[in-house]
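Report on the structure
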Amino acid sequence: MAFKITIPFYAFKINFQADTHLFIPMTDKEVLRIGQSFEILTGKYAEIVQRQVFDKGKFRQLLDEYRPSEFSSDTLEINFPAAKDGFSYPAFSLSFDFFYSESNQGVKGIIPTLGIETFAASKGDIPKQLQEIIRIEFTRKKRLSAMQQVITTIWYDAIELWSDEMELRAPSPAEIEEIQRTTANPLLPKAAQALELNKQVAYGMEATMEQLAKALKNQFNGSLLLVGPSGVGKTALVWELVHQQKKLQIKGQVWETTASTLIKELTGDTGAWENNMALFCAELKGSDHILFVRNLMELFEVGQYAGNSVSLADFMRNYIAQGEVVIISECTEEELARIELKSSNFLSFFQIIRIQQPPEKQLESIILQKVRDIADGRSLQISEAAIQEVIRLHNRFVPYAGMPGRPIRFLESMLLNKKNWLGATHRIDRSEVIQYFCTETGMPVFMVDPTVQMNIVKVRNEFHSNVFGQGKAVDSVVNVLASVKTALTRAGKPIASFLFVGPTGVGKTELAKVLAQFMFGNRQRMIRFDMSEFSDPFTAMRLIGSDYFSDGLLTSAVRREPFCVLLFDEIEKAHPSFYDLLLQILSEGRLTDNQGKLVNFCSTIIIMTSNIGASALQNSRIGWNNEINAKEVSDHFLHAVQKHFRPELFNRIDEVIAFDPLDAFTIRFVVERELALLKQREGIRYRRMDLQIKDSVLDYLGENGYHPRYGARFLQRVIREQLVIP
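Residues numbered from 1 in each chain as written. Predicted model: local features only at pLDDT ≥ 70, side-chain atom pairs only at ≥ 80, totals over all residues. Heavy atoms only, no water.

So, about the overall build of the chain. For the chain, the count of helices and strands is 32 helices and 23 strands. Here the analysis covers contacts within the chain between residues at least 6 apart in sequence; of these, 70% occur between residues at least 24 apart. Total accessible area on the chain is roughly 37,300 Å²; 49% of this is exposed by carbon and sulfur atoms. (Helix = DSSP H or I, 4+ residues; strand = E, 2+ residues; numbered from the N terminus. Contact = heavy atoms within 4.5 Å. Areas by Shrake-Rupley, 256 points an atom, 1.4 Å probe, with all protein chains shown as cover.)

Pasting the structure below:
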């Protein structure tokens, strides 16, 4: 079992004028305590010895802490001749108080103010040896070059030697065995990676770097939290700190890890991690190591299991609070707010440094320097116009991604995908940046590049060839796209937002698919949500995450596919709480999920479909076969939409488009398209057959498949029942 031992503790008290004093421990002259009581100093020093010596099994070092029980004091006078040049300084003498202790082996002498010690065979030899060491010290530190440096050695009133006893806890044999085992198999290299960087990784952050280095040297609260948007350079700042560590005089090794890595490496055979986590923190205690944890919020997410409600953050709280473990971590403002809610005083253990996005001119310089580092050795260069274009594109379509991180990653991907050019250096210009951006997002070049014209007639014809009988709806969509092309729409919101209203089966969903094909190169770039599935508050919350540990259906989908068409089908069936989310998306182009993660909607096109007013329009007419006034239908649906939606939501929709009911003439074109799609099905496409369908069959399907109330969906039923099934 463990037992307690006591050893003597000595410290020199140096008294100055105005009742000021400082203590210097005899065994550690690098430690100074100004104005602190001797009792507090003894307790603090005992904690350090316990932590650094006993708890780590370094028992031989305990011998260094023992000092003889009796000390005597005396005064030593040393003479200095005048300077050789005759005028730098005259001859003078200095007096120093020194302490000595006699033993069987000899005599030990100490001059506290100079921090020098010597050992002699007899008491009489001590003054002579101390004089020699003093002269060597004065020469080494060049004290005689300025009298101010001489005065600092005697600028005090008196020196006293104080003593007390330190009470320490000696480990038991079992604990010694455990210490030896953990020393032989340290956990720190398994759960974290030692950072070593030989080149510069961050630019334009000199002021923040100085603030970070100064905060790390704070002896009262060494842990730091970097707060800023994703991509603003929080991680790069820590890496640059490692790169400049020697220059900034930061002690210790910086280790990088994540919460998921910690829980993976520290979980034992029983599935519990607490014991290994305690040993991991013990390795960090009393050392100069700095632990860099990527994303502080994740420490609150992992560690809990059935029967244990303690997370990694909760477990490390006391170590961080007492300064035994120094941590650097990072988070966004949204995550900071969530941490404050989860643990109100946890953030008080950190010094918080906020990092802001740099100004645009500085942004260009930072990106240019970083990209030049990446392109170095690859025979590649990038023009300033290309950098400016990258910034413009990301400001417009990904404004919440964080600068300069997102543009740098974009350019890094672009440069690394370029083949190594032999011979002449290849210069990447603005047009290549636009082409790569369009390849990545699927957007057409003419929609992205301001110098390329948009052929509105051609675009309109492309939509008309896929959507029949909806000329007004197509024209409205194309007009909005034209305003997007000319950058006349407000930034910081989705690319465009539409509300398609009208009877079922008239082409609302089809127009959304055609728009996805046109803007993002693929019909599959449309994410559809049937809002009838989100008709109560609980299911509506699933869109952003029903709890902290679940991903939101909507937010995770947009995070995976940021450039897409978002289709909210039958929006009138959604719970009213969804409209609050939609209001934020339409007005700010962003949404925060239940994990505190910000999701960007500025690269999406929002389409809502609704049948609001369709039944009322049908009931107000004798039959759908009568000629319908287009303006009458449009006004009817517009009035129904305004009546249903709140004004603040309605006014944020770019365009409310009323779809006309399909007539018999239009259905004939729909028949041809549906049969063309039928021929592409696997059961026909991969068989040795040539399917020919007569015009009379097309006419028959057009006549029997026309229903003014159900539109094209009724035609699909007729084709299935009368052509496919037989």
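Moving on from the coordinates now.
Inspection of the entire model under this criterion finds 17 salt bridges. Here Lys108 makes a salt bridge to Glu117, at a shortest N to O gap of 3.2 Å. Of the residues examined, Lys108 reaches a relative accessible area of 24% and is grouped as partly exposed. With a relative accessible area of 31%, Glu117 lands in the partly exposed category. Where Glu561 meets Arg525, a salt bridge forms, and the shortest distance between an N and an O atom there is 3.2 Å. (Salt bridge = Lys/Arg side-chain N within 4 Å of Asp/Glu carboxyl O. Buried < 20%, exposed > 50% of the residue type's maximum accessible area, 1.4 Å probe, protein only.)

On the surface, Met147, Ile151 and Trp155 cluster together into a nonpolar patch covering about 340 Å² of accessible area. You can call Trp155 exposed: its relative accessible area is 63%. (Patch = residues over 30% accessible without salt bridge, like charges linked within 9 Å, V, L, I, M, F, W, Y side chains within 5 Å.)

Time to look at the environment of His636. Along the chain, His636 turns up in helix 27 (residues 630–644). Separated by 134 residues in the primary sequence, His636 and Gly502 have C-alpha atoms spaced 9.9 Å apart.

Right, let's get into the pairing of strand 12 (residues 290–294). Regular strands show a simple pattern: their side chains alternate between the two faces of the sheet. Extensive coverage of strand 12 is indicated by the burial of four of its five residues. By the bridge criterion, five bridges tie strand 11 (residues 254–258) to strand 12 in an arrangement that is parallel. Directly across from Glu256, in strand 12, lies its bridge partner Phe292. By the bridge criterion, four bridges tie strand 12 to strand 13 (residues 326–331) in an arrangement that is parallel. Bridge pairing links Leu291 to Ile327 in strand 13. (Pairing = 2+ DSSP bridges.)

A word on the sheet that holds strand 23 (residues 655–658). Spatial ordering of the open sheet is given by 18-19-22-17-23, a layout of five strands whose pairing is parallel. Taken across any chain shown, the strands that pair with only one partner, and hence form the sheet edges, are strand 18 (526–530) and strand 23. Here the strands of the sheet are splayed against their neighbours by 20 degrees on average, with no regard to which way each runs. Pairing of strand 17 (residues 496–501) with strand 22 (residues 604–610) involves six bridges; the strand directions are parallel. Residue pairing in the sheet places Phe498 in a bridge with Ile607 of strand 22. (Axes fitted to C-alpha atoms, helices over the stretch in contact; angles between N-to-C directions.)

In this section: the environment of Leu415. Within the secondary structure, Leu415 is located in helix 17 (residues 405–416). Once the C-alpha coordinates of Leu415 and Val371 are considered, the two residues, 44 residues apart in sequence, prove to be 8.5 Å apart. When residues no more than four places from it in sequence are discounted, the contact partners of Leu415 are Val371, Ile374, Ala375, Arg378, Leu380 and Ile428.

Moving on: the packing of aromatic side chains. Both the distance between ring centres and the angle between the ring planes are used here to describe each pair of aromatic rings. In the structure shown here, the tally under the stated rule is 31 aromatic pairs. The positively charged end of Arg135 is found above the aromatic ring belonging to Phe80, 5.3 Å away from the centroid. Lying across the ring of Phe138, Arg143 places its NZ or CZ 5.7 Å from the centre. (Phe/Tyr/Trp six-rings, centres within 6.5 Å; stacked < 30°, edge-to-face > 60°. Lys NZ or Arg CZ within 6 Å of the ring centre and 35° of its normal.)

Within the secondary structure, Ser329 is located in strand 13. A polar contact of 3.1 Å, which involves the side chain of Ser329, links it to the backbone nitrogen of Leu296. (Polar contact = N/O pair within 3.5 Å; in protein donor to acceptor, adjacent residues only side chain to side chain.)

Burial analysis of strand 11 places four of its five residues in the buried class, the great majority of the element. Looking at chain direction, strand 9 (residues 193–194) and strand 11 are connected through two bridges and run antiparallel. Paired with Ala194 across the strands is Trp255, a residue of strand 11.

Looking at the chain as a whole, the pLDDT averages 83, with 87% of positions reaching at least 70. This model gives residues 621–626 a pLDDT under 50, and the stretch forms twelve contacts once residues within four places in sequence are excluded. (pLDDT = per-residue confidence, 0-100.)

What follows is about the sheet that holds strand 10 (residues 224–227). With respect to topology, six strands assemble into an open sheet ordered 9-11-12-13-10-14, the strand pairing being mixed. The sheet is open, and its two edges are formed by strand 9 and strand 14 (351–354), each paired on a single side. Across the face of the sheet, helix 10 (residues 259–266) comes into contact with strand 11 and strand 12 while running at roughly 85 degrees to strand 11.

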